[in-house]
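The chain contents come next:
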Amino acid sequence: MNRIYKTSGILCLSLISTLTYAQTKFQPQDTEFYTPIIRTVTTSKNQAPSDAIVLFDGTNLNQWVSAKDIQSKAPWNIENGILTCTPQSGDIQTKENFEDFQLHIEWKSPEVIKGEGQGRGNSGIFLQGHYEIQVLDNNNNPTYVNGQAGSIYKQQPPLVSAVKSAGQWHTYDILYTAPRFNADGILIKKGIVTILHNGVVVQYNTQIEGTTEYIGLPKTLVHGPGPIVLQDHGDKVSFRNIWIRRL
């Protein structure tokens with residue numbers, strides 16, 4: 001046993017000496033590279049990054065259509081640079097489809113508090129048209145935790161509840177990696193999402209189990225790139241400053 005131990009020790013010392021010797025032969029520039037040149041993205045306060053697609057800047061709904069009829073204009077109302085859901089008019093969705101992306105969106109529930117639970121300031125942001133990130137007035141408004149603001153609806157509650165009073169603006173910053181399917185339509189990788197709600201991480205590399213169903217379990221739906229959808233849930237929820245970056 002002593003002989004084996006000593007032999008092992010000699011081998012270890014020899015290996016360390018070899019690695020140390022090899023390390024001394026490197027120069028700093030041996031591990032530096034200068035190409036490809038990284039593209040530059042400019043940023044400024046309260047402005048979308050220079051490489052973002054601006055989905056709503058307060059002036060028009062040119063990037064949106066009715067989700068009920070994509071040949072029709074988005075039926076929601078713009079006033080003073082703010083987009084507000086017109087109840088019973090239906091969801092709206094982007095004209096463009098997206099796969100992996102960074103999405104920034106600001107929203108607020110109505111200042112006049114009406115209803116409770118899921119009936120207060122309810123809307124939703126659907127990623128690729130299938131996976132809902134809940135929008136809801138969470139302030140002093142108990143509901144099922146996987147249906148509160150910041151949740152992946154009916155799947156995963158937020159890590160914390162980043163509440164604000166009714167009528168105050170919230171921000172969502174969403175990093176999303178879409179699910180992947182092979183040529184036979186078999187799911188090979190589930191979608192992943194990270195969400196910052198008012199600057200606080202509420203979902204971190206969270207796996208999306210499938211479609212966000214109101215009734216029943218998530219479903220696996222084979223799809224490619226899809227739109228961003230804003231939900232008409234019957235409440236006058238408002239939105240502003242919406243932009244997206246493809247990743």
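Look a little higher up for the structure.
Peer 1: How do you make sense of the overall build of the protein when you look at a structure like this?
Peer 2: Within the protein one finds one helix and 15 strands. Here the C-alpha radius of gyration of the protein, 24 Å, is well above what a compact globule of 247 residues would show, namely 18 Å. Expressed along its principal axes, the backbone C-alpha trace of the protein runs to roughly 85 × 45 × 45 Å. Looking at the protein as a whole, 40% of its 247 residues qualify as buried. Long-range contacts, defined here as pairs at least 24 residues apart, represent 64% of the contacts in the protein between residues at least 6 apart. Of the roughly 14,400 Å² of accessible surface on the protein, a fraction of 55% belongs to carbon and sulfur atoms.

Peer 1: How do you make sense of the layout of surface pockets when you look at a structure like this?
Peer 2: The computed volume of the largest pocket comes to approximately 160 Å³. The wall of the largest pocket is formed by Pro87, Pro110, Val112, Ile113, Lys114, Gly119, Arg120, Gly121, Gly234, Asp235 and Lys236. Looking at side-chain class alone, the lining of the largest pocket contains four nonpolar, three polar and four charged residues.

Peer 1: Just checking my understanding: could you explain the sheet that holds strand E2 (residues 64-66) for this structure?
Peer 2: Either a parallel or an antiparallel arrangement is found when strands of a sheet pair, and the pairing is made through backbone hydrogen bonds. Strand order in the open sheet formed by five strands is E2-E5-E14-E7-E8, and the pairing between neighbours is antiparallel. Lying at the two open borders of the sheet, with one neighbouring strand each, are E2 and strand E8 (131-135). Bridging between strand E7 (residues 123-127) and strand E14 (residues 229-230) involves two bridges; their strand directions are antiparallel. Paired with Phe126 across the strands is Val229, a residue of E14.

Peer 1: What am I meant to see in the side chain of Gln155 here?
Peer 2: Here Gln155 is to be found in the loop between E8 and strand E9 (170-177). Judged by its relative accessible area of 18%, Gln155 is buried. In terms of polar contacts, Gln155 uses its side chain to reach the backbone carbonyl oxygen of Thr211, at 3.4 Å. Apart from the residues lying within four places of it in its own chain, the contact partners of Gln155 are Asn146, Ile208, Glu209, Gly210, Thr211, Thr212 and Pro218.

Peer 1: Just to check I follow, could you spell out unusual backbone geometry for this structure?
Peer 2: Excluding glycine, most residues fall at negative phi; most peptide bonds, likewise, are trans. Note that the residue after Thr35, namely Pro36, is joined by a cis bond; omega there is 0 degrees. With respect to the helices, strands and loops of the structure, Pro36 is situated in the loop between helix H1 (2-24) and strand E1 (53-56). The phi dihedral of Asn46 falls on the positive side, at around 65 degrees, and the residue is not glycine. Among the structural elements, Asn46 can be located in the loop between H1 and E1. Phi at Asn198 is positive, roughly 55 degrees, even though this residue is not glycine.

Peer 1: Would you take a moment to explain the packing of aromatic side chains for this structure?
Peer 2: Note on aromatic pairs: each is described by the distance of the centres and the angle between the planes. In total, this model carries five aromatic pairs according to the counting rule given. Taking the centre distance of 5.0 Å and the plane angle of 40 degrees together, the rings of Phe101 and Tyr176 count as tilted. Of the two residues, Phe101 is situated in strand E6 (residues 101-108) and Tyr176 in strand E9; the sequence distance between them amounts to 75 residues. Comparing Phe101 with Tyr176 shows no difference in burial state: the two are buried. Joined through ring pairs, the aromatic side chains of Phe98, Phe101 and Tyr176 make up one cluster. The ring of Tyr144 carries Lys154 above its face, with NZ or CZ at 5.3 Å from the centroid.

The rules we used
Residues numbered from 1 in each chain as written. Predicted model: local features only at pLDDT ≥ 70, side-chain atom pairs only at ≥ 80, totals over all residues. Heavy atoms only, no water. Helix = DSSP H or I, 4+ residues; strand = E, 2+ residues; numbered from the N terminus. Rg over C-alpha atoms; globule rule 2.2 N^0.38 Å. Buried < 20%, exposed > 50% of the residue type's maximum accessible area, 1.4 Å probe, protein only. Contact = heavy atoms within 4.5 Å. Areas by Shrake-Rupley, 256 points an atom, 1.4 Å probe, with all protein chains shown as cover. 1 Å grid on protein atoms, 1.4 Å probe; cavity = no way out; pocket = protein on both sides within 12 Å on 5 of 7 lines; lining within 4 Å. Points joined across faces, edges and corners; volume = space filled by probe spheres on them. Nonpolar A, V, L, I, M, F, W, Y, C, P; charged D, E, K, R; others polar. Pairing = 2+ DSSP bridges. Polar contact = N/O pair within 3.5 Å; in protein donor to acceptor, adjacent residues only side chain to side chain. Phe/Tyr/Trp six-rings, centres within 6.5 Å; stacked < 30°, edge-to-face > 60°. Lys NZ or Arg CZ within 6 Å of the ring centre and 35° of its normal.

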